[in-house]
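Coordinate inspection notes
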2 protein chains.
Amino acid sequence: MSGNKFVYDFDEGNAQMRSLLGGKGANLAEMTNLGLPVPPGFTITTEACNAYVNAGDEYPAGLLDEVTDHLAGLESKMGKKLGEPRDPLLVSVRSGAAFSMPGMMDTILNLGLNDESVKGLAALTGDERFAYDSYRRFIQMFGNVVLEIDKDHFERALTEMKEARGAKSDTDLSAGDLKELVDTFKRIVKDQTGSDFPTAPSDQLDMSIRAVFRSWNNPRAKTYRKLNDIPDDLGTAVNVQTMVFGNKGDDCATGVAFTRDPSTGERVLYGEYLTNAQGEDVVSGVRTPRPIAKLADEMPEAYGQLAETMNKLEEHYREMQDIEFTIEQSTLYMLQCRTGKRTAAAALKIAVDMVAEGLITKDDAVLRIDPGQLDQLLHPQLDPKVGVDVLATGLPASPGAAVGRVVFDADTAEEKGNAGEKVILTRWETTPDDIHGVVAAQGIVTSHGGMTSHAAVVARGMGKPCVCGVEAVKIDMDSRLFTVDGTTIREGDVITIDGATGRVMVGEIALIPPAVSEDFKQILVWADERRRLGVRTNSDTPEDSVRAREFGAEGIGLCRTEHMFMAEDRIPHVRAMILAESEEERARALEHLLPMQRGDFEGIFTAMDGLPVTIRLLDPPLHEFLPSLADVRVELTEMKLRGADASVVAAQEELLGKVRAQAEANPMLGLRGCRLGLRYPEIYMMQVRAIIEAACNAKKRGVEPVVEIMIPLVATAKELEILRGRTEEVASQVLAANGDRISFKIGTMIELPRAALTADEIAEHAEFFSFGTNDLTQTTFGFSRDDAEGKFLPQYLEQHVLDENPFEVLDVGGVGKLVDMACKLGRATRPDIKLGVCGEHGGEAKSIAFCHEVGLTYVSCSPFRVPLARLAAAQAALGGTTRDK
Amino acid sequence: MSGNKFVYDFDEGNAQMRSLLGGKGANLAEMTNLGLPVPPGFTITTEACNAYVNAGDEYPAGLLDEVTDHLAGLESKMGKKLGEPRDPLLVSVRSGAAFSMPGMMDTILNLGLNDESVKGLAALTGDERFAYDSYRRFIQMFGNVVLEIDKDHFERALTEMKEARGAKSDTDLSAGDLKELVDTFKRIVKDQTGSDFPTAPSDQLDMSIRAVFRSWNNPRAKTYRKLNDIPDDLGTAVNVQTMVFGNKGDDCATGVAFTRDPSTGERVLYGEYLTNAQGEDVVSGVRTPRPIAKLADEMPEAYGQLAETMNKLEEHYREMQDIEFTIEQSTLYMLQCRTGKRTAAAALKIAVDMVAEGLITKDDAVLRIDPGQLDQLLHPQLDPKVGVDVLATGLPASPGAAVGRVVFDADTAEEKGNAGEKVILTRWETTPDDIHGVVAAQGIVTSHGGMTSHAAVVARGMGKPCVCGVEAVKIDMDSRLFTVDGTTIREGDVITIDGATGRVMVGEIALIPPAVSEDFKQILVWADERRRLGVRTNSDTPEDSVRAREFGAEGIGLCRTEHMFMAEDRIPHVRAMILAESEEERARALEHLLPMQRGDFEGIFTAMDGLPVTIRLLDPPLHEFLPSLADVRVELTEMKLRGADASVVAAQEELLGKVRAQAEANPMLGLRGCRLGLRYPEIYMMQVRAIIEAACNAKKRGVEPVVEIMIPLVATAKELEILRGRTEEVASQVLAANGDRISFKIGTMIELPRAALTADEIAEHAEFFSFGTNDLTQTTFGFSRDDAEGKFLPQYLEQHVLDENPFEVLDVGGVGKLVDMACKLGRATRPDIKLGVCGEHGGEAKSIAFCHEVGLTYVSCSPFRVPLARLAAAQAALGGTTRDK
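Attention here is on the structure that accompanies the text. (Residues numbered from 1 in each chain as written. Chains lettered and ligands numbered in written order. Predicted model: local features only at pLDDT ≥ 70, side-chain atom pairs only at ≥ 80, totals over all residues. Heavy atoms only, no water.)

Moving on to the overall build of chain A. Within chain A one finds 36 helices and 33 strands. Seen through its C-alpha atoms, chain A measures out along the principal axes to roughly 105 × 65 × 50 Å. Excluding contacts between residues fewer than 6 apart, the proportion of contacts in chain A whose partners are at least 24 apart in sequence is 68%. Charge separation in chain A, taken as the distance between the mean sites of 96 positive and 136 negative side-chain charges, equals 2 Å. (Helix = DSSP H or I, 4+ residues; strand = E, 2+ residues; numbered from the N terminus. Contact = heavy atoms within 4.5 Å. Lys, Arg positive; Asp, Glu negative; His and termini not counted. Charge placed at Lys NZ, Arg CZ, Asp CG, Glu CD.)

With that settled, consider the interface of chain B and chain A. Facing 60 residues of chain B, the contacting portion of chain A comprises 60 residues. Carbon and sulfur atoms make up 58% of the surface buried where chain B meets chain A, a total of about 5300 Å² over both sides. Inspection of the region where chain B meets chain A yields four salt bridges. For A:Arg754, the salt bridge identified is with B:Asp811, shortest N-O distance 2.7 Å. Across the chain B-chain A interface, the total number found is 32 residue pairs in polar contact (both at pLDDT 80 or more). Looking at which element gives the most residues to the side of chain B that touches chain A, the answer is helix α24 (residues 629–641) of chain B, with seven residues. When its residues are assigned to classes, the side of chain B that touches chain A shows 27 nonpolar, 16 polar and 17 charged. (Buried area = accessible area lost by both parts, 1.4 Å probe. Salt bridge = Lys/Arg side-chain N within 4 Å of Asp/Glu carboxyl O. Polar contact = N/O pair within 3.5 Å; in protein donor to acceptor, adjacent residues only side chain to side chain. Nonpolar A, V, L, I, M, F, W, Y, C, P; charged D, E, K, R; others polar.)

Residue and element names in this part refer to chain B. With six of seven residues buried, strand β16 (residues 401–407) is to be regarded as a mostly interior element. With three bridges joining them, β16 and strand β17 (residues 423–427) adopt parallel strand pairing. Bridge pairing links Val406 to Ile424 in β17. With respect to chirality, the unit in which β16 leads through helix α16 (residues 410–418) into the neighbouring parallel β17 is right-handed. (Buried < 20%, exposed > 50% of the residue type's maximum accessible area, 1.4 Å probe, protein only. Pairing = 2+ DSSP bridges. Right-handed = clockwise from strand over helix to strand, strands pointing away.)

Looking at the element boundaries, B:Thr716 is found in the loop between β29 (706–711) and α28 (717–738). The buried category is assigned to B:Thr716, whose relative accessible area is 5%. Once residues lying within four places of it in the same chain are set aside, the contact partners of B:Thr716 are A:Phe781, A:Val801, A:Leu802, B:Arg754 and B:Ile762.

The subject of this paragraph is the relation of the copies chain B and chain A. For these two chains of identical sequence, chain B goes onto chain A by a turn of 180 degrees and a shift of 0.2 Å along the axis, with RMSD 0.4 Å. Seen this way, the second copy is the image of the first under a two-fold rotation axis. Mapped onto chain A, 100% of the interface residues of chain B again fall at the interface, so both copies present the same surface. (Least-squares fit on C-alpha atoms with pLDDT ≥ 70 in both.)

Residues and elements named next belong to chain B. Read from one edge of the open sheet, five strands run β1-β2-β7-β5-β6, paired in antiparallel fashion. Where the open sheet ends on each side, the last strands, each with one partner, are β1 (7–9) and β6 (107–111). Averaged over all adjacent pairs, the angle separating strand axes in this sheet is 20 degrees, with direction ignored. Alignment of strand β5 (residues 91–97) against strand β7 (residues 236–242), held across seven bridges, turns out to be antiparallel. Looking across to β7, one finds that Gly96 is bridged to Ala237. (Axes fitted to C-alpha atoms, helices over the stretch in contact; angles between N-to-C directions.)

Before going further, it helps to spend a moment on the packing of aromatic side chains. Remark: the centre distance and the inter-plane angle together describe each pair of aromatic rings, the angle taken between the planes. Counted by the stated rule, this structure contains 34 aromatic pairs over all chains. Aromatic pair B:Phe138 and B:Phe197: ring centres 5.6 Å apart, planes at 85 degrees, arrangement edge-to-face. You can see B:Phe138 sitting in helix α5 (residues 128–146) and its partner B:Phe197 sitting in the loop between α7 (175–193) and α8 (201–215), a full 59 residues away along the chain. Per residue, the accessibility class of B:Phe138 equals that of B:Phe197, and both read buried. Where B:Phe783 meets B:Phe792, the ring centres are 5.1 Å apart and the plane angle is 75 degrees; that geometry is what we call edge-to-face. The pair B:Phe783 / B:Phe792 is uniform in exposure class, with both members buried. Connected via pairs of aromatic rings, a cluster forms that spans A:Phe781, A:Phe783, A:Phe792 and A:Tyr796. (Phe/Tyr/Trp six-rings, centres within 6.5 Å; stacked < 30°, edge-to-face > 60°.)

Turning next to the pairing of strand β24 (residues 503–506) of chain A. Residues and elements named next belong to chain A. Of the pairings in the sheet, the one linking strand β14 (residues 390–393) to β24 comprises three bridges and is antiparallel in character. Along β24, the bridge assignment pairs Ala392 with Val504. Bridging between strand β23 (residues 494–498) and β24 involves four bridges; their strand directions are antiparallel. From the neighbouring strand, Thr496 faces β24, where its bridge partner is Met505. Between β23 and β24, which pair antiparallel one after the other, the connecting turn spans four residues, and Gly502 there sits at a positive phi close to 85 degrees.

Within the element layout of this structure, B:Gln16 appears in the loop between β1 and α1 (18–33). Separated by 587 residues in the primary sequence, B:Gln16 and B:Gly603 place their C-alpha atoms 55 Å from one another.

This brings us to the sheet that holds strand β22 (residues 487–490) of chain B. Residue and element names in this part refer to chain B. Spatial ordering of the open sheet is given by β20-β21-β22, a layout of three strands whose pairing is antiparallel. The sheet is open, and its two borders are formed by β20 (474–476) and β22, each paired with just one other strand. Each strand of the sheet is rotated relative to its neighbour by a mean of 25 degrees, with strand direction disregarded. In this structure, β20 lies alongside strand β21 (residues 481–484), joined through three bridges in antiparallel fashion. Looking at the pairing, Lys474 lines up with Thr483 of β21.

Positive phi is not limited to glycine here, since A:Asn110 has a value of about 65 degrees. Using a relative accessible area of 0% as the deciding quantity, one classes A:Asn110 as buried.

A separate point is the environment of A:Asp183. All names here are of chain A. Relative to the helices and strands, Asp183 resides in helix α7 (residues 175–193). The class for Asp183 is partly exposed, based on a relative accessible area of 42%. Remark: the alpha-carbon pair of Asp183 and Ser447, spanning 264 residues in sequence, is separated by 40 Å.

Geometrically, a packed helix pair is captured by the angle between its two axes and the distance between the axes. Residues and elements named next belong to chain A. Where helix α22 (residues 571–579) meets helix α23 (residues 583–607), the closest approach of the two axes is 8 Å, and the angle between their N-to-C directions is 150 degrees. The angle between the axes of α22 and α23 places the two elements in the roughly antiparallel class. The two elements α22 and α23 cross, and the hand of that crossing is left-handed. Contact residues: His573, Val574, Ala576, Met577, Ile578 and Leu579 in α22; Glu585, Arg586, Ala589, Leu590, His592, Leu593 and Met596 in α23. (Parallel < 35°, antiparallel > 145°, perpendicular 65-115°, else oblique. Left-handed = near helix turned anticlockwise from the far one by under 90°.)

Let's shift gears to the pattern of salt bridges. By the definition in use, this model includes 122 salt bridges over all chains. Between A:Glu708 and A:Arg536 there is a salt bridge whose closest N-O contact spans 3.0 Å. With A:Glu708 in strand β29 (residues 706–711) and A:Arg536 in strand β26 (residues 534–538), this residue pair connects regions lying 172 residues apart in the sequence. A salt bridge links B:Glu682 to B:Arg586; the shortest N-O distance between them is 3.0 Å. With B:Glu682 in helix α27 (residues 681–700) and B:Arg586 in helix α23 (residues 583–607), this residue pair connects regions lying 96 residues apart in the sequence. B:Arg586 carries the same exposure label as B:Glu682, and that label is buried.

Put into structure tokens, the structure is as follows:
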């Protein structure tokens, strides 16, 4: 708390006072002090807002007096009084939090007008039409945002008036028309609220300030904060500023502009404006604004002033700026400036250009890119060369674009998906019952639900594109179709969705695979020079390995061998191995798998020539390779009732027995990982043999294999000790047989709390640890990811029980505590131990920052996330980001 | 290491040198120094054994010389030389580890005899029969235990000789017969080993010492050590002692005796002896020994000497002693003394009596009882008034007695068990496939497998009686019967088993419920005076609560409300609640359950009048109350194929949909505990209402309810914060409606790693923690108990991956670390927080010691374990036990 001062004149603040004055107020102060043409005013602090909210909507002591004092100061500076009948001071009132936040109350213009002062304004300007236009706008905005009257009431009255007068545009209405409209608007206020429109300027100001404070906690604002990790206790500031008018005539204008193109990053003045208009006309779309370049022709002097001012701002802030301006009778006024939002591609270009221009350092450039935003560029995207007609827009719930046929239920999605068709599951909203459909679909659309809805959480978890809450989509399940404003889409019709922007399009739109632009590459070169963390990839195939290497992966942190078991030509051998009645039978089945695995490994070693490849021995429970118990039982019932052959029934019964013997109550916590390796030693030994033989073969071909063998799901040092011994034994045999010497490391996953807690003991037998933070999160929280994301995590996020999905962002307070502990214990035993993370967190920026802090050696993530991880690692090394600061 | 001294004469040692000299050697030394008549000898240390084993069966440097020196010393003391032809020194060689260990090589007597020295012995004693009897015994023992020849070869030859001579007993054989037998025995040795029987006494001694050393690592000894937590690196000592002879004539005898009755604890000289016999005759059962009291008639002087010596020993050791003695020509010799094993009942009586006699303190008495042994007394037992005919004996794998009909497979067990029949599942051994049968059975018998076999581990986990490895039982699955030495038991026949002793009996034998004797009560009174830990019980019914209170429970630490939902008359309402389509429908179902729960709670408050009752709100996943997904699918398939009515099929399909929606991949980690409470607030609120209403009702009847409400499965402080708020709200409403004031505590289970790691935050909202160490063990290890005990834990114990089943004995190194951390964090936030444990570990002695160490407030366990817990808590407070020290 900065004492009791709740109100600051613009010339009392600066850009650093953002948390106290809000972004808008701080920048108005900064511009004022830069000598730019900012209409005078003052800012009520965020602390005042918090005090107001905490006191149950009461002004804190002193606030009212301070507002009165600062208003008096402003009045004396302007030589006018607020709403004074003859020459009224008029002000705007705007909210402005430290972070830009849609959903809060935005703007009230022309405050101070009433039936008396409007006459003074008319007399003073000699423009009655302007005065009444300003007055009706004020009532309209105040009625809507302060008094919470549905804006349709005002729009309808305006439309009726225009129709009655045969007017095409607002500007065609006369002063008399507008005066009549003022009366209509005042009647609307009376009808809707039961009270007269407040005429006292001090009441108007008081009510507006309170409305801004209240809007901090309206539902949309709260949701936005939750989604963007903005704390609830920041509060919003209130800016009270002298009005200037862009609607006083044809030498007036208002507009918005960027110092560079926010979609490409190109260095051109970019924006749009309207002549003879007020700010909200530009946004409302009632009139079509013109591109900013036209202003150079229309008002060359003002344009020159604007261009110069924007140059000055960018040089001052060393950042691309987004500004609002008004030109009142050829004089330029600056009403707002802020760091401009931009696409990922623009962000990269601007950062690279600004370094070339000497505006910022390479460190700055690296710190300015939001790794999360890069995700846009690293999923399949709509081909930007193809124009799209957007059918409807919803929330961008999970990035990436997808094309598929519309299906309306999960069973159909599963059926068609399993048959190889691409489908988009389209639902009112999804429930746990729909999971099998989500799995089978290319993407998800829901007409209901927000960024933390079931569909959104599940899709993000699976990395599938998802657009949520597309309210325009009206689903008719009986007719198996949906409509959007008269367009009908039937089940089976093809649509395209873009989860990064929330757009839904009809038909198939060409997608392009993710690629890395030159700017992107430049930023990554700088990032690589700065990061300490290594970046590896999770890859199970030579193809993925090649791609990941192109993206800059410095090795493989996790190669899952089970995916190799899943191939169609291998499953029969895998099942034979599982169902074997004896060790010999099992050995025979493994003999078939050995050359296949060896081939896989050889391909991967070749792709990663010279870089480390961490291969995890078989991890999942064996029943994952078998049909489900329920399926086998249902089939058996069918066979019996249909009178199948006795021998067929007997075979099915035998299968049932074996499947039942493998079935588990909680497969996540059952016979898998190293437990399998201890129970069926021959499986791991086949894998070790395949790895070492593959390395020998690769080496013979001139490839340099760097082998790391990883034992999964270790809970006790003893498990690792035994399996390490066997691994070394098989490896020596193979090497002796090949007459070769290849050094290799043996390590383990740390993915169970007990492994983390006893990491000192485990490190005696491990040359490296790889934190399996997916499983570690599951066991630390006691959350089965499948069940949690399907059943209760969405509600947990919605109700703020958790601020983030711990499967997406590493839970520093719990899981992170174990990781930190394990790092310290591991290093105490073996100071040079290599420490990595191979859970999905390895590709998430905040989690990567944590990995940097606890001193991991590397992170490993999916190939497409490698660039993101390189950048995030550099930002962590530079001590965090400068975004939104 | 105590330097290089490997051999100690008896007079160089004492009872404190147990780890170096072994129990036998240390006590021989102690008795020697007490002036008791011990035949002279020396002991080779356990360190020598370890050195021998570690060197790959090689004597350590210096050992051979030391043995030679000490043998020379012994020879000079006795005035004889080992195996010297005219007047031979003969010795016994015995193993003796620090802990009594069956399975190791036991005894070689008469070492030093050969074809020459036997003549000297005959000449010297004038008793050729005695000399050759000694010789044939020596060959027999040496052949069996050193040369590892099956003892049947020797027994058969002896039996043939007796038959040929028409002799009833060994003593009927003449000197000539025995001489012939010696030749036969030597031939057996030659036939079986390919070498002649070693005649050089030094070779005999050397081979015997090596055999003792080797026996340390024979499989039975290793298994025994694992079962009894005896480290593998202790080694065994070797005792070489001058022979005395109980078989020189009718003024000779040999026997074993206890200073008190080891089965009742009564203070009488107890034991048995044989005249004219050597030690192994008493044990072998060839002749039936006489009760020790008869010795007073037969050899009054020797008896008097024995009684006096034993009194002296007990006074010296202040413990009941188990001794071996020999009387050679009326002179008493003491060959061994050790603390006597005893039944649990005897242990209690002896401890109480010794306090009365002033021999030991009350602390000693409390410390001397093995809490684990009390388990015998706290399960249903065979009525001791009923004599039993034991059919066969196996390993005592899981205590308690059970009666039931024999069934031979798990499916039959399940079928009959579900039909309400009591069955004993009898298998060669069990596998994970048999679990459903184990669940349905009263007890388990296997003909194969040891104390860590699948059946043993699973049965102990479930608290079911189990007898393992009954090798005499020969199962014939085709005929559905088993035989034991000609007795046939068919499927459906009734048997009784006693898992505490490993006995199997034919027919139904009366069982008695567990009870607490006067001695037991006395020990518990002393224990209560000494312990700091409170002891509560886990109880879900008024009946269990009453019983637990009788056993000394000081409250309820865990009352599981889900068991109340399982009652037959309630399940329909529970299902209606789960399948409800709306909140109203769910509320209606809950209305039915409310009065039932209220009644349960009122009964429990009444039973626990004045003592705290911790009630856990609903914990298990709701699908536990529904039929299984597979069952519903199979039924649906049957309905369809049998052409059932469309409406019936439709209803089943609807049920399938709902069951599928509730189904989970890993129910242990799914929608349960507080997650349920957050998802369906009305369930918890009904329960809170029932609890507070029950407390009000009880109070109106003069009962003092002490209410503690426990929220399960908390992973984050926020979960608890929300549910605590709702609980307080409902409670205030109920109290206001009743016009009553009842204080109550709200707390939580700590059963997830994350809860332990963030216990400081959680403690802000919790007045108590109860460690749910079952679930905490599951998540810390990543072991689903059902799957682990069924699938891999037995193998883990067998292979020493784990030394103990962590679901039985708390894993101090991992789970314990979390418990300790949570205690510290919890107290840091709330210094007066109550800390308890309510997992099964709360009834296990080692785990209780840990709970004492980390400073818990109480442990809570099943009613029958309450006495055990009281004792274990006292021992922990006294700083550990004195057993086996």
